[in-house]
Amino acid sequence: VEAIKPFFTVVDFESGSFEPADRSERRYLSDLKGFFYFSEELEKAMERDNSLVYEVHRREVPLQAGHLQHCVTLIHPGDVGGEFYMTKGHYHRVTRTAELYLCLCGEGILNMEEPGGAATHIRMRRGVWSYIAPGWAHRTINISRDEKLIFISVWPGDSGYDYRTIAQKGFSNVFVRAENKEFSILRRS
Ligand SMILES: [Fe+2]
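Residues numbered from 1 in each chain as written. Predicted model: local features only at pLDDT ≥ 70, side-chain atom pairs only at ≥ 80, totals over all residues. Heavy atoms only, no water.

Asker: Would you explain the coordination of the iron ion in this entry?
Answerer: Ideal geometry at a metal gives 109.5 degrees between four tetrahedral donors and either 90 or 180 degrees between six octahedral ones. Within the protein, the atoms that donate to the iron ion are H90 (NE2), H92 (NE2), E99 (OE) and H138 (NE2), at distances of 2.0 to 2.3 Å. Classification of the site at the iron ion as irregular follows from its four donor atoms and the range of 82 to 166 degrees in their angles at the metal. In terms of primary sequence, the donors binding the iron ion are separated according to H-x1-H-x6-E-x38-H. One end of the pair, H92, is in the loop between strand 7 (83–84) and strand 8 (99–105); the other, H138, is in strand 12 (residues 137–142), with 46 residues separating them in the sequence. The pair H92 / H138 is uniform in exposure class, with both members buried. (Donors = N, O, S within 2.8 Å, 3.2 Å for Na, K, Ca; no water. Tetrahedral: all angles 85-135°; square planar, octahedral: opposite > 155°, others 65-115°. Helix = DSSP H or I, 4+ residues; strand = E, 2+ residues; numbered from the N terminus. Buried < 20%, exposed > 50% of the residue type's maximum accessible area, 1.4 Å probe, protein only.)

Structural data, given as C-alpha cells:
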C-alpha cells in the first residue's frame, strides 16, 4: 500500500465546510440529465436557471485497498417537478466494498437498491450513521424545503464508481414532495 503521512481535516457540522479540501466538485441541474425522473421538467428548470444541486469536497488519498477515501457532501434544497434534489447515485465498481455515511445536518433519505431489485431506504438526520452494505447502489436525497443536507462519507480507496447502471436503469424508488407528509415514493415501472 502506498505510504503517506497521517493528516486531518476540519469539518463544520452546520455549514459543511471541509478544510482543507484537495478537490471539489459541483453538480448543477445540467449535470443530472438522465438522473431525474421528470426529464421535461428538468429541461425547463435548466433553462430557467441551471441551479447548483450538490457539492462534494474531498481529500485525496491513493485509490487503492487499505486507504480510505472520505468527503463531505452538501445537497441544496429544491426539486424537479416534485422530485427532490439528490445525488446521481452509483454502485461501486468493486462490488465487495461498503461505505459509511454520517449525517451532520438536515433532513434526507439514503436510497439504496441491489441489482436483483431489492430496495430500501434510511431516513437521514443529524447523528444517523448509515452502513451501505457491499453490492448496494446508493443515492442521497434532500427532503427539506429550506435546509441543506450535509453528510460525511468514508469508503475503500479501490472501490471505484459505476454511474452508468443508474443512468440507464434509474432507482426503482423515486422520492417526491407530498402534501401533509415528508415525501411520497413513486415506483418506476
Ligand atoms: Fe459510494
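Asker: Just to check I follow, could you spell out the pattern of salt bridges for this structure?
Answerer: Note that side chains of opposite charge can pair when their charged atoms are close. Taken as a whole and judged by the stated rule, the model has 13 salt bridges. The salt bridge involving R23 is made with E25; its shortest N-O contact spans 2.7 Å. Across the salt bridge formed by E107 and R123, the nearest N and O atoms sit 2.8 Å from each other. Here E107, found in strand 9 (residues 107–113), pairs with R123, found in strand 10 (residues 119–125); they are 16 residues apart in sequence, far enough to count as distant. Looking at E107, the relative accessible area reads 28%, which means it is partly exposed. Through salt bridges with shared partners, a single ionic network connects R23, E25, R27, R58 and E60. (Salt bridge = Lys/Arg side-chain N within 4 Å of Asp/Glu carboxyl O.)

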